[in-house]
Amino acid sequence: MEVEIMGEKHWDIQIDITENDDTTTARATLTMPAEAPLTGYGEAHRNPVDRPAAEIGDELAAARALDDLTNQLLSVANQDVVRNARFSRSPMPPG
């Protein structure tokens, strides 16, 4: 038996990682239905005295990109809350 879940939504996040010498950059893009995508950026730099470990740079850059994306999404949500509050306030009825 298949159960249908009402109101379920699906958002996608894609993380693209680029390595260039001792610098790793990441771009995290959030795609939401009917909204413009948001993109966060992050960077990681390997200390020249450390041995190469690409996965560490990937993890740090991706985490920083997701952190940037999180801050942007919180900002959008806060703006929407303010806008919604303005439109939901109706004048008090006389009396």
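Caption draft 1: A look at the overall build of the protein chain. Helix and strand content of the protein chain: one helix and three strands. Tracing the protein chain from N to C terminus, the helices and strands come up as β-β-β-α. Sequence-distant contacts, at least 24 apart, represent 37% of the contacts inside the protein chain between residues at least 6 apart.

Caption draft 2: Up close: the sheet that holds strand 1 (residues 12-20). Strand order in the open sheet formed by three strands is 1-2-3, with antiparallel pairing between adjacent strands. The open sheet has two edge strands with one neighbour each: strand 1 and strand 3 (38-45). With direction set aside, neighbouring strand axes in the sheet form an average angle of 15 degrees. Pairing between strand 2 (residues 23-31) and strand 3: eight bridges, direction antiparallel. Across the sheet, residue Ala-28 finds its bridge partner in strand 3, namely Gly-40.

Caption draft 3: Main features of the environment of Thr-25. Within the secondary structure, Thr-25 sits in strand 2. For the pair Thr-25 and Gly-57, spaced 32 residues apart in the sequence, the C-alpha separation amounts to 8.3 Å. For Thr-25, the contacting residues outside a window of four places in its chain are Asp-16, Ile-17, Thr-18, Gly-42, Glu-43 and Ala-61.

Caption draft 4: Molecular detail of the pairing of strand 2. The sheet contact formed by strand 1 and strand 2 spans nine bridges and is antiparallel. Residue Glu-19 lies in a different strand from strand 2, and its bridge partner there is Thr-24. Between the end of strand 2 and the start of strand 3, which pair antiparallel, lie six residues, with Ala-34 showing a positive phi angle near 60 degrees.

Caption draft 5: A look at the pattern of salt bridges. With the rule as written, the count across this model stands at three salt bridges. Between Asp-22 and Arg-46 there is a salt bridge; the shortest N-O distance is 2.8 Å. Separated by 24 residues along the polypeptide, Asp-22 in the loop between strand 1 and strand 2 and Arg-46 in the loop between strand 3 and helix 1 (54-88) bring together distant segments of the chain. In this structure, Arg-83 engages Asp-80 in a salt bridge whose closest nitrogen and oxygen atoms are separated by 2.8 Å. Of this pair, Arg-83 and Asp-80 both sit in helix 1, three residues apart, roughly one helical turn. Exposure remark for Arg-83: the relative accessible area of 39% places this residue in the partly exposed category. Note on Asp-80: relative accessible area 37%, which makes it partly exposed.

Rules behind the numbers
- Within every chain, residues take consecutive numbers counted from 1 along the sequence as written.
- Side-chain atom pairs in this predicted model are given and counted only at pLDDT of 80 or more, local residue features only at pLDDT of at least 70, and totals for whole chains, interfaces and linings cover all residues.
- Side-chain measures here rest on the full set of heavy atoms in the structure, leaving out hydrogens and waters.
- Each helix is a run of DSSP H or I of at least 4 residues and each strand a run of E of at least 2, with the numbering of both proceeding from the N terminus.
- Only heavy atoms enter the contact rule, under which two residues are in contact if any of them lie within 4.5 Å.
- Strand pairing follows a simple DSSP-based rule, namely that at least 2 bridges must link the two strands.
- Axes here refer to lines fitted to C-alpha atoms; in helices the fit is confined to the stretch in contact. Angles between the N-to-C directions go from 0 to 180 degrees.
- We count a salt bridge whenever a side-chain nitrogen from Lys or Arg sits within 4 Å of a carboxyl oxygen from Asp or Glu.
- Per-residue accessibility, obtained with a 1.4 Å probe over protein chains only, is compared with the maximum for each type, and a residue is labelled buried under 20%, exposed over 50%, and partly exposed between these values.

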